[in-house]
Amino acid sequence: MDRAKKQLPANMQPIFLQVVSLCLMLMLFGGSECQGAYPPSLPQEHPKYQEIRKVYLAVARIFSEGRQPPGLLVIPRASGGGIAQQVRGTDGLVGTSSRHEEGYIAISEKTYDLLVSANKESGLAFVLGHELAHYYMRHGWAGSFGNAFTGSKAGVALSRVLTQEQITTFEVQADYLGGLYSYLAGYNSLETAPATLDLLYRGFGIPANGKQRPTLSERKEIVTLAKKQLDQLIPAFEAATVLVLLGRYDDAAHIYDYLANAAPSREFSGNAAVARINWALELFGATENRFVFPVELDLQTRLRQSTTKTLQFQPNPVEQRTALLEMAVENLEKAIALSPDYTVAHLNLATALTLLGRTAEAQERAGKARRLATKQNDRVALANALILIGITQAQSGDEAGAKKSFTLASGNPRLALLNLAQLAGQPQPPQSETTASQITETIAGLTPETLSGAPRPAGTDFFLRGSDNYRLTVKAFDKEAPAWRGMVIEEGSSVKYALLRTGRSYSGQTALGIERGADAKELGQVYGTPSRSFAARQGSFVAFDKRGIIFTLNHDQKVAGWILFKRL
């Protein structure tokens, strides 16, 4: 994020202060003495509490990286108070006292009621993210959203400790990080933040241009900038995804690692692992691995560090694939720390552990994925967990158990049948991909070559310079029209891939007559067996190298769109 930081105002750069521990609840909830008692809260079974808690846990997991988040309080309207607040609690020993207090995040019931009329979940995520940023950045005074209580007794005391500039810095950091992290948790909080801020300032009577800083207009500018910076990462995510589909696993993992460092997201770490697992699979001989694994991508762009290791060249394929799989395990453990119920990561971790020969751990992880999938009513994930359980059973010599597991995997019948055939020693003979004809694939009359020769957009959407001799420098240019969207991926100084995908309004057919809504069976009859296929949370992808086309299939295994690609 170094580049992103340089674009921010100076007062948004982190400063680290040690602030004396005071009773911060006075700032927001009133009271004349620091009694150590927690403020009142709605009961956990209250519907409003339940709604707020759902959003809170999603955002807190992005911040906490696997640590237990602070408790949540929802302050009843009758108790008064401000928008929201964090209370850090006791950090270590305070003087000679043996008394310690747990920290918490508090949000007013009034805040919830104000946001009901707008984008409620996104607004809640922004407010809660703001307070979590204060909490995890160890901000002292700036623990009250809006910073509107400087006139309180505690506020006067703390004003002697912190300058207005320091208070402003804390508030700016919390607006920026809170908006970013809540967006990464899946909420459109940065898009709706300006409207959220307007609602809260009016509802709580906070002057838009009062003495406290940042002002309302400054806050809006901060969140708008954060959204703009996050948008710049989306072409990188899409470029990495396409590189996986094209079998360029090393380059894809490189970009995903960069993204995982730039922004904390379970998808970035998880997909880096998928790239490495697939790369490792290519290093196994046919007799070493006879089964087909359900290695899944997660392609939600819910926009710190996963592994920072670099894989040096290994002349021995066993050493190389082991190194790749160990790096994948680290990626997936990171993703699970961010989101413990992330079923895809548990599935992919079971795959990596199986390929490393750590069968008992793989069985445990696959069992966890099975329980999560059952709880989440996810038939495909449940089937994939059963397939992984079956593979580990077969590798342990329990062929009867493996057959039962594969048979139960009805949510992914194609993969289940492939593994049943392998188990029986009757692998299906590979079918050939349809030979490329003289008919050229186009979208809206355009080809990838046309796009590669067209003038570039105004600027590079994504640029990542290689960090060493074997890392390629990647540029991605993104263009869009109603019927199509295009991307050019450059490595070094030359164009390597030109990509053209169907836009939302595209209603045409492929050169061989496939259109949106066609089922997977028809697709196979027309295009043959794909060069590669990948499962994803949103469906699956099938790539046909000879034809230069990648199809996206939805959960019903219907064609949702396609991408034309050309290596230049």
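On a predicted model such as this, the values are computed, not experimentally measured, just so you know. (Residues numbered from 1 in each chain as written. Predicted model: local features only at pLDDT ≥ 70, side-chain atom pairs only at ≥ 80, totals over all residues. Heavy atoms only, no water.)

### Describing the overall build of the chain
- Of the regular secondary structure elements, the chain holds 20 helices and 12 strands.
- By the burial criterion, 53% of the 568 residues in the chain qualify as buried.
- Only carbon and sulfur atoms are counted for the fraction: they give 50% of the accessible area of the chain, which is about 25000 Å². (Helix = DSSP H or I, 4+ residues; strand = E, 2+ residues; numbered from the N terminus. Buried < 20%, exposed > 50% of the residue type's maximum accessible area, 1.4 Å probe, protein only. Areas by Shrake-Rupley, 256 points an atom, 1.4 Å probe, with all protein chains shown as cover.)

### Description of the confidence of the model for the chain
- Mean pLDDT over the chain: 76, with 71% of residues reaching 70 or higher.
- Below a pLDDT of 50 lies the segment residues 91-97, which in the model reaches 3 contacts outside its immediate sequence neighbourhood of four places, other chains included.
- Here residues 298-314 is modelled with pLDDT under 50, and outside its nearest four sequence neighbours on either side it reaches 65 contacts, counting other chains as well. (pLDDT = per-residue confidence, 0-100. Contact = heavy atoms within 4.5 Å.)

### Structural notes on the environment of Ser 182
- Inspection of the secondary structure puts Ser 182 in helix H7 (residues 164-184).
- A relative accessible area of 0% means that Ser 182 is categorised as buried.
- In sequence terms Ser 182 and Val 127 are 55 residues apart; their C-alpha atoms lie 8.9 Å from each other.
- Once residues lying within four places of it in the same chain are set aside, the contact partners of Ser 182 are Val 59, Ala 125, Phe 126, Tyr 187 and Ser 189.

### Side note on the nonpolar core
- If you look at the biggest cluster of nonpolar residues, it comprises 74 residues, and the most contacted ones within it are Tyr 256, Leu 259, Ile 277 and Ile 550.
- Among the elements that take part in this core, helix H16 (residues 379-395) stands out by supplying 9 residues, more than any other.
- In this structure Ile 550 touches Leu 245, Leu 246, Phe 541, Val 542, Ala 543, Gly 561, Trp 562, Ile 563 and Phe 565, once residues within four positions along its chain are discounted.
- Counting 47 residues, the second-largest nonpolar core is a separate cluster that includes Leu 132, Ala 185, Tyr 201 and Leu 216. (Core = buried A, V, L, I, M, F, W, Y, C linked by side-chain atoms within 4.5 Å.)

### What about the packing of aromatic side chains?
- For the structure shown, the criterion picks out 6 aromatic pairs.
- For the ring pair Tyr 506 and Trp 562, a centre distance of 6.0 Å and an interplane angle of 80° mean the geometry is edge-to-face. Of this pair, Tyr 506 sits in the loop between strand S8 (494-502) and helix H20 (520-527) while Trp 562 sits in strand S12 (residues 559-567), and the two are 56 residues apart along the sequence.
- Ring centres of Tyr 527 and Phe 544 lie 5.4 Å apart, and the angle between their planes is 45°; on these two criteria the pair is classed as tilted. Highlighted residues: Tyr 527 in helix H20 and Phe 544 in strand S10 (residues 539-544), separated in sequence by 17 residues. Neither residue differs from the other here; Tyr 527 and Phe 544 are each classed as buried.
- Members of the aromatic cluster, joined through ring pairs, are Tyr 506, Tyr 527, Phe 544, Phe 551 and Trp 562.
- Taking the ring centre of Phe 204 as reference, the NZ or CZ of Lys 110 above it sits at 4.6 Å.
- Positioned above the aromatic ring of Phe 284 is the side chain of Arg 321, whose terminal nitrogen or guanidinium carbon lies 3.9 Å from the ring centre. (Phe/Tyr/Trp six-rings, centres within 6.5 Å; stacked < 30°, edge-to-face > 60°. Lys NZ or Arg CZ within 6 Å of the ring centre and 35° of its normal.)

### A few points about unusual backbone geometry
- Positive phi, close to 55°, is recorded for Ala 444, a residue that is not glycine.
- Topologically, Ala 444 is positioned in the loop between helix H18 (413-423) and helix H19 (448-453).
- Exposure remark for Ala 444: the relative accessible area of 42% places this residue in the partly exposed category.

### Concerning the pattern of salt bridges
- This structure, assessed with the given rule, holds 11 salt bridges.
- Notably, a salt bridge pairs Glu 361 with Arg 358, separated by 2.9 Å at the nearest N-O pair.
- Assessed through its relative accessible area of 38%, Glu 361 is described here as partly exposed.
- Taking relative accessible area as the criterion, Arg 358 reaches 32% and is therefore assigned partly exposed.
- Put simply, Lys 48, Arg 77, Glu 109 and Asp 113 are held in one network by salt bridges that share partners. (Salt bridge = Lys/Arg side-chain N within 4 Å of Asp/Glu carboxyl O.)

### Structural notes on the pairing of strand S11 (residues 549-553)
- Within S11, 5 of the 5 residues are buried, which leaves it mostly tucked inside the rest of the structure.
- Of the two faces of S11, both are covered, the one formed by Ile 549, Phe 551 and Leu 553 as well as the one formed by Ile 550 and Thr 552.
- As judged from the 5 bridges shared by S11 and S12, these two strands associate in the antiparallel manner. Among the inter-strand pairings, Thr 552 is bridged to a residue of S12, identified as Gly 561.
- Connecting the antiparallel pair S11 and S12 is a turn made up of 5 residues, with Gln 557 showing a positive phi of about 60°. (Pairing = 2+ DSSP bridges.)

### Digging into the sheet that holds strand S2 (residues 84-87)
- Ordered in space as S1-S3-S2, the 3 strands form an open sheet in which the pairing is mixed. Edge positions in the open sheet fall to strand S1 (71-75) and S2, since each of these has one partner strand only. The mean inter-strand angle of the sheet, taken between neighbouring strand axes irrespective of direction, is 20°.
- Across 5 bridges, S1 lies against strand S3 (residues 104-108) in parallel orientation. Within S3, the residue paired with Ile 75 across the bridge is Ser 108. (Axes fitted to C-alpha atoms, helices over the stretch in contact; angles between N-to-C directions.)

### Quick look at the packing of helix H12 (residues 266-281) against helix H13 (residues 317-338)
- Interhelical geometry of H12 versus H13 gives an angle of 160° and a closest axis separation of 8 Å. As summarised for this structure, H12 and H13 are arranged roughly antiparallel, according to the angle between their axes. Crossing hand, H12 versus H13: left-handed. Residues Arg 266, Ser 269, Gly 270, Ala 272, Ala 273, Arg 276, Ile 277, Trp 279 and Ala 280 of H12 pack against Gln 320, Arg 321, Leu 324, Leu 325, Met 327, Ala 328, Asn 331, Leu 332, Lys 334, Ala 335 and Leu 338 of H13. (Parallel < 35°, antiparallel > 145°, perpendicular 65-115°, else oblique. Left-handed = near helix turned anticlockwise from the far one by under 90°.)

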